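Chain by chain, the residues:
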Amino acid sequence: MSEQPPLHLEPTLRTFPLPADTNTQGDIFGGWLMSQMDLAGASIAIRRAKGRAATISVDAMQFLRPVKVGDEVTLYAHLLEVGRSSMKVEVRAWRRPMSSEDSEQVTKATFTFVAIDENGRARPVPPEA
């Protein structure tokens, strides 16, 4: 039985890892995957902050399965919480092998972002419109 990605969420980012993104065992570097997740989370945080936002922490990332060259990697991100200047965004990463329609979750983590001004200082997150 195949797993299903979160159907209630639109994909935030889709990408394909390349051979240059692999470690010596041929698996995709965890750092590459984490950077893609950071991009997906930032997309949500920047939209909510209506401007710049910086990553300040990543909580509890666990790699569940390897990602291979050529897999389609789909990232789903959604806002969990908004503070005065911070935002918590959960990001889940799924892989789909080229030769399959089945997807499997490979990791998830909670990223915390802070809204920043043009000088790189924390600023309040504006109220929702």
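Residues numbered from 1 in each chain as written. Predicted model: local features only at pLDDT ≥ 70, side-chain atom pairs only at ≥ 80, totals over all residues. Heavy atoms only, no water.

Asker: Let's hear about the overall build of the protein: which residues, and what values?
Answerer: The number of helices and strands found in the protein is one helix and five strands. Helices and strands appear in the protein in the N-to-C order β-α-β-β-β-β. Within the span of the protein, comprising 129 residues, buried residues form 42% of the whole. Pairs at least 24 residues apart make up 69% of the contacts formed inside the protein by residues separated by at least 6 positions. Summing over all exposed atoms, the protein offers an accessible surface of approximately 7400 Å²; the carbon and sulfur share of this is 53%. One way to put it: in the protein the 15 positive side-chain charges average out to a point 6 Å from where the 16 negative ones average out. (Helix = DSSP H or I, 4+ residues; strand = E, 2+ residues; numbered from the N terminus. Buried < 20%, exposed > 50% of the residue type's maximum accessible area, 1.4 Å probe, protein only. Contact = heavy atoms within 4.5 Å. Areas by Shrake-Rupley, 256 points an atom, 1.4 Å probe, with all protein chains shown as cover. Lys, Arg positive; Asp, Glu negative; His and termini not counted. Charge placed at Lys NZ, Arg CZ, Asp CG, Glu CD.)

Asker: How would you sum up the sheet that holds strand β3 (residues 72-82)? Please name residues and give values.
Answerer: Spatially, β1-β3-β4-β5-β2 is the arrangement adopted by the five strands of the open sheet, whose pairing is antiparallel. The open sheet has two edge strands with one neighbour each: β1 (13-15) and β2 (53-59). For this sheet, the mean angle separating the axes of adjacent strands, direction not counted, is 30 degrees. Pairing of strand β4 (residues 86-96) with strand β5 (residues 104-115) involves 10 bridges; the strand directions are antiparallel. Paired with K88 across the strands is T112, a residue of β5. In this fold helix α1 (residues 30-49) packs onto β1, β2, β3, β4 and β5, with an angle of close to 45 degrees to the strand it touches most, β5. (Pairing = 2+ DSSP bridges. Axes fitted to C-alpha atoms, helices over the stretch in contact; angles between N-to-C directions.)

Asker: Before we move on, could you go through the packing of aromatic side chains and cite the residues and values that matter?
Answerer: One pair of aromatic rings is described through two measures. These are the centre distance and the angle between the planes. Counted according to the given criterion, the structure contains one aromatic pair. Seen from their ring centres, F111 and F113 are 6.3 Å apart, and the 20 degrees between their planes marks the pair as stacked. One exposure class covers both F111 and F113, and it is buried. (Phe/Tyr/Trp six-rings, centres within 6.5 Å; stacked < 30°, edge-to-face > 60°.)

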